[in-house]
Amino acid sequence: MPNNATPLISVIVPVYNAEDYLRYCIDSILQQSYTNLEVILVDDGAKDSSPAICDEYATQDSRVTVIHQENGGIAKAQNTGLDAAHGEYIAFSDNDDILNRRNIEYLLHALQSQTVFCKSLRLLGSKLGRNTEARYFNEANWCRLYKRELWDGLRFPEGHYAQDIRMAGPLYARMGKVADIDCVLYYW
């Protein structure tokens, strides 16, 4: 286990016209059982009351940072969040989704204590003609917790649909191991 048992975790939320759902999302993050969080709300030029909702949360909880920018799409908003993040680990949430109360706690515990999957197992499986990674690999970036250094020099391609799918390959190529836990931690 790392020396720092309670590292700072940055949760990045791109926000765009989500006034009907945004409070549920932010509340689910702020009410996590794991509390050493930095919540980065990136207002991507929303036209509804979402920017005001973000600002309201920032005045109520010191863990919340709001960045307002002109609309540039989800990839640009996620990149802005990555550039502002200070955490040792990075997580993402869509602005209309809800995290299970133990989402961050369980994901962090899995990364700190489990060695469920490793590249050598994948390579061995490939040699044997077996798919040893189907359960563990997924292209979505929500309900994931990444070590910050995985993102060094990597940013989402802006202006593309399914930006997280485009990042999956470069991210997985940098990973030495991936931990998977079998429980529902994210609701979309």
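Located above this text is the structure these notes cover.
All residue numbers refer to positions counted from 1 along the written sequence of the respective chain. In keeping with the predicted nature of the model, local features appear solely for residues at pLDDT of at least 70, side-chain atom pairs appear and are counted solely at 80 or more, and the whole-chain, interface and lining totals rest on all residues. To get the side-chain values, all heavy atoms of the structure are used, and hydrogens and water are removed first.

## Observations regarding the packing of aromatic side chains
- Between the rings of Phe, Tyr and Trp (Trp by its six-membered ring), a pair exists once the centres lie within 6.5 Å; its type follows the angle of the planes, with under 30 degrees stacked, over 60 edge-to-face, and the other angles tilted. Across all of its chains, the model carries 5 aromatic pairs by this definition.
- For the pair F92 and W151, a centre-to-centre distance of 5.5 Å together with 65° between the ring planes defines the contact as edge-to-face. Here W151 lies in the loop between β7 (145-147) and α6 (163-174) and F92 lies in strand β4 (residues 89-92), a separation of 59 residues in the sequence.
- A relative accessible area of 3% means that F92 is categorised as buried.
- Centre to centre, the rings of F92 and F156 are 5.6 Å apart; their planes meet at 80°, and the pair counts as edge-to-face. Taken together, the residues span a long stretch of sequence, with F92 in strand β4 and F156 in the loop between β7 and α6 at a distance of 64 residues. With respect to burial, F92 and F156 carry one shared label: buried.
- What links up through ring pairs into an aromatic cluster is the set F92, Y146, W151 and F156. Secondary structure elements follow DSSP: runs of H or I no shorter than four residues count as helices, runs of E no shorter than two count as strands, and numbering proceeds from the N terminus. For every residue, the accessible area obtained with a 1.4 Å probe (protein chains only) is divided by the maximum for its type, and the residue is called buried under 20%, exposed over 50%, and partly exposed between those limits.

## What to know about the sheet that holds strand β3 (residues 64-69)
- Only strands that DSSP links by at least two bridges are regarded as paired with each other. Taken together, the 5 strands give an open sheet; going across it, the order is β3-β2-β1-β4-β7, and neighbouring strands pair in mixed fashion. This sheet does not close on itself; its edge strands, each paired only once, are β3 and β7. Averaged over all pairs of adjacent strands, the angle between strand axes in this sheet comes to 25°, irrespective of strand direction.
- As judged from the 3 bridges shared by β4 and β7, these two strands associate in the antiparallel manner. Bridging across to β7, Y89 finds its partner in K147. Lines fitted to C-alpha atoms define the axes here, with helix axes fitted over just the stretch in contact, and angles between the N-to-C directions of these axes take values from 0 to 180 degrees.

## A short note on the nonpolar core
- By size, the foremost hydrophobic cluster in this structure holds 29 residues, and its most contacted members are I9, V11, I29, L37 and L41.
- The element best represented in this core is helix α1 (residues 22-30), accounting for 5 residues.
- Whether two residues are in contact is decided by their heavy atoms, any of which lying within 4.5 Å being enough. Ignoring anything within four residues of it in the chain, the contact list for I9 reads Y34, N36, L37, E38, G87, Y89, I104, L108 and L145.
- In this structure, L150, F156, M167 and L171 belong to the second largest nonpolar core, which totals 20 residues. The term nonpolar core refers to a set of buried residues drawn from Ala, Val, Leu, Ile, Met, Phe, Trp, Tyr and Cys, joined through side-chain atoms within 4.5 Å.

## Observations regarding the pattern of salt bridges
- For this document, the term salt bridge refers to a Lys or Arg side-chain nitrogen within 4 Å of an Asp or Glu carboxyl oxygen. For the coordinates displayed, the defined rule picks out 5 salt bridges.
- Notably, a salt bridge pairs E56 with R23, separated by 2.9 Å at the nearest N-O pair. You can see E56 sitting in helix α2 (residues 50-60) and its partner R23 sitting in helix α1, a full 33 residues away along the chain.
- Of the residues examined, E56 reaches a relative accessible area of 30% and is grouped as partly exposed.
- For R23, a relative accessible area of 33% gives the class partly exposed.
- For the salt bridge of E149 with K147, the shortest nitrogen-to-oxygen distance reads 3.9 Å.
- Assessed through its relative accessible area of 45%, E149 is described here as partly exposed.
- You can call K147 partly exposed: its relative accessible area is 37%.

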